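One letter stands for each residue in the lines below.
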Amino acid sequence: MNATIKDIGREANVSYATVSRAFNNKYGVKPETRARILEVAKRLNYSPNGIARGLVNKRTKSIGLIIPDITNPYFPEVARGIEEGAKEQGYSVFLCNTNWEHDRQAQYIELLAEKRVDGLIIAPVSNAVDPAQERLFNSIPVVYVDRPPQNTQRSYVVIDNIRGGFIATRHLIEAGYRKIGFIGAVEQSMPVDERLEGFKLAMERYGLSIEDRYIKLGHFTQEAGTKLIREMIGGGDYPRAIFAENDLLALGVIEGVRSLGLAVPADVAVVGFDDIHFASFENVQLTTICQPKYEMGKAAVRILLEEISWKEHAARGGARNGQQADKKVMTACAEETENAAVSAETSGGRQVVVLEPELIVRKTSLIT
Ligand code: HPA
């Protein structure tokens, strides 16, 4: 059985309160008494229970991470960066998957707050801001990753989705394609809205017409990509290149094109977004926009842990000052590129990190 604080007090001949004071480095314990208590604790193999320690320190050294879709390999890769960054600082991470459901998101936020996590990192279901949750975030630090709610005043880490959509489309135009379609998601969120905006910007910049019949929207799944491209091709008049809003959709598009006896890229070229693990597989070779997913996770957890420290500092009456405009350079995805530019700003005590997207050209967009 594990030793308790009481056991240590009995053995060291001091009160429970003195043991607690010694563990928490509080005043009123003589150095020699503290040394004796720590020696007894070590001898009895005492290991403090995280929750009990949290109640004393008002910290549980844990954070909550809420993602919308654990089956999309993009999110676990971001989670890996968060977990690594947290572990380096002695924090553990509780991972929750909302399956794109608002109710589940609300339940998880409440549950994690009850578990007294020190902070939250959230990739929310949508743009919508829930006022009750926003009030809660006044007491629990929160950092958004990938898809912050519209007009949020909280910190967040994202990629420049407009630029990503633009360079993906520009690549197809420069490869000689003129009839270019878009397959994306119906929901309203920063990645969805901005990737489409980037697509339209590139088409307009190069004087190409945006045809409504070449734009199809569904869900962020491989199945949706297959269904939507089959519908488009089935109509007879179809585009010769597709920009798909994420790699799962792009994989579905490739599947759909092939299922109709056509070839990628000879009949329809495909560009995706995210550069998930499967994109580089030999029989996939998907041209895509790379997001430095691991680094995004690390940036998000760095900011969150800073915010947790500021909160504690403020609780002790300290001022939140000396916060500098934050300029960081992070590693990009492609090996040949040393760094991806990152712009970051701080305003009103929050940090916004926008990472630079990078085009990775593979076989699905190359005419050979
Ligand atoms: N949704 C779906 N796939 C994604 C997203 C997203 O918000 N971001 C990156 N890949």
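Residues numbered from 1 in each chain as written. Predicted model: local features only at pLDDT ≥ 70, side-chain atom pairs only at ≥ 80, totals over all residues.

Before going further, it helps to examine the overall build of the chain. Scanning the chain from terminus to terminus reveals twelve helices and 13 strands. Burial statistics for the chain: of 368 residues in total, 43% are counted as buried. Looking at the chain alone, contacts between residues at least 24 apart form 69% of all its contacts between residues at least 6 apart. (Helix = DSSP H or I, 4+ residues; strand = E, 2+ residues; numbered from the N terminus. Buried ≥ 20, exposed ≤ 12 C-beta atoms within 10 Å, placed from the backbone. Contact = placed C-beta atoms within 7 Å.)

The next point concerns the packing of helix H8 (residues 161-174) against helix H9 (residues 190-205). A pair of packed helices is captured by two measures, namely the crossing angle of their axes and the spacing between those axes. Two numbers describe how H8 lies on H9: the axes approach to 7 Å, and their chain directions differ by 40 degrees. Regarding the angle of H8 to H9, the classification is oblique. The element H8 and its partner H9 pack so that their crossing is right-handed. Taking contact as the criterion, the partners of Asn 161, Ile 162, Arg 163, Gly 164, Gly 165, Phe 166, Thr 169, Arg 170 and Ile 173 in H8 are, on H9, Met 190, Pro 191, Glu 194, Arg 195, Leu 196, Glu 197, Gly 198, Phe 199, Leu 201, Ala 202 and Met 203. When grouped by side-chain class, the residues that make up the contact of H8 with H9 number ten nonpolar, five polar and five charged. (Axes fitted to C-alpha atoms, helices over the stretch in contact; angles between N-to-C directions. Parallel < 35°, antiparallel > 145°, perpendicular 65-115°, else oblique. Left-handed = near helix turned anticlockwise from the far one by under 90°. Nonpolar A, V, L, I, M, F, W, Y, C, P; charged D, E, K, R; others polar.)

The subject of this paragraph is the nonpolar core. One recurring pattern in soluble globular proteins: nonpolar side chains tend to sit buried together. Formed by 83 residues in total, the largest nonpolar core has its most connected members in Leu 120, Ile 121, Val 143, Val 145, Val 253, Val 270 and Ala 300. Of the residues forming this core, the biggest block, eight residues, is contributed by helix H12 (residues 293-315). When residues no more than four places from it in sequence are discounted, the contact partners of Val 143 are Ile 121, Arg 154, Ser 155, Tyr 156, Val 157, Ala 300, Ile 303, Leu 304 and Glu 307. Among the nonpolar cores identified, the runner-up in size contains ten residues, and Ala 12, Ile 37, Val 40 and Ala 41 belong to it. (Core = buried A, V, L, I, M, F, W, Y, C linked by C-beta atoms within 7 Å.)

What follows concerns H9. Every α-helix winds through 3.6 residues per turn, so residues three or four apart in the chain are directed the same way. Over its 16 residues, H9 runs 22 Å from end to end, which matches the ideal 22 Å to within 8%, given 1.5 Å per residue. Within the sequence span of H9, burial applies to Met 190, Pro 191, Val 192, Arg 195, Leu 196, Gly 198, Phe 199, Ala 202 and Met 203. Buried residues along H9 sit in contact with strand E5 (155-159), H8, strand E6 (180-185) and strand E8 (241-244). Looking one or two places after H9, you find Gly 207, whose phi comes out positive at around 70 degrees. (Expected span 1.5 Å × (residues − 1).)

Another aspect to go through is the environment of Val 271. The topology assignment puts Val 271 in strand E9 (residues 269-271). In this structure, the C-alpha to C-alpha distance between Val 271 and Thr 287, residues 16 residues apart in sequence, is 5.0 Å. If near-sequence neighbours (up to four positions away) are discounted, Val 271 is found in contact with Ala 168, His 171, Leu 172, Phe 243, Thr 287, Thr 288 and Ser 365.

Taken together, Asn 72, Tyr 74, Asp 146, Arg 147, Ser 189, Pro 191, Phe 220, Asn 246 and Asp 274 make up the full set of residues adjacent to the ligand. Looking at the shell around the ligand residue by residue, the classes come out as three nonpolar, three polar and three charged. Of the domains in this structure, domain 2 (62-154 + 293-318) and domain 3 (161-292 + 360-365) are the two that each give at least three residues to the shell around the ligand. (Near = placed C-beta within 6 Å. Domains from an automatic or database assignment.)

Our next topic: helix H11 (residues 247-259). For H11, with 13 residues, the first-to-last C-alpha span of 18 Å sits near the 18 Å given by 1.5 Å per residue. Among the residues making up H11, those that are buried are Asp 247, Leu 248, Leu 249, Ala 250, Leu 251, Gly 252, Val 253, Ile 254, Gly 256 and Val 257. Structurally, H11 contributes buried residues whose contacts are with E6, helix H10 (222-234), E8, E9 and strand E10 (288-290). Taken from the residues just after H11, Gly 261 is the one with a positive phi, measuring 80 degrees.

For the rest of this paragraph, the subject is unusual backbone geometry. Trans peptide bonds make up most of the peptide bonds, and negative phi angles are found at most residues other than glycine. Here Val 264 and Pro 265 are connected by a cis peptide whose omega angle stands at 5 degrees. Along the chain, Pro 265 turns up in the loop between H11 and E9. Even without a glycine there, the phi angle at Trp 100 is positive, about 60 degrees. One can find Trp 100 in the loop between strand E2 (92-97) and helix H6 (102-114). Take Trp 100: there are 14 C-beta atoms within 10 Å of it, and that puts it in the partly exposed class.

This paragraph deals with the sheet that holds strand E7 (residues 215-218). Remark on secondary structure: sheet strands pair via backbone hydrogen bonds, oriented parallel or antiparallel. Read from one edge to the other, the open sheet built from four strands follows the order E7-E6-E8-E9, with strand pairing classed as parallel. With partners counted over all chains shown, the strands left at the sheet margins are E7 and E9, one partner each. When strand polarity is set aside, the average angle formed by the axes of neighbouring strands in this sheet is 20 degrees. Across four bridges, the pairing between E6 and E7 is parallel. Paired with Ile 183 across the strands is Lys 216, a residue of E7. (Pairing = 2+ DSSP bridges.)

Let us look at the confidence of the model for the chain. Residues of the chain with pLDDT of at least 70 account for 88%, and the chain-wide mean is 89. With pLDDT under 50 throughout, residues 322-329 is counted as low confidence; its partners more than four residues away or in other chains account for 13 contacts. Segment residues 334-341 is flagged for pLDDT under 50; beyond a separation of four residues in sequence, or across chains, it makes 18 contacts in the model. (pLDDT = per-residue confidence, 0-100.)

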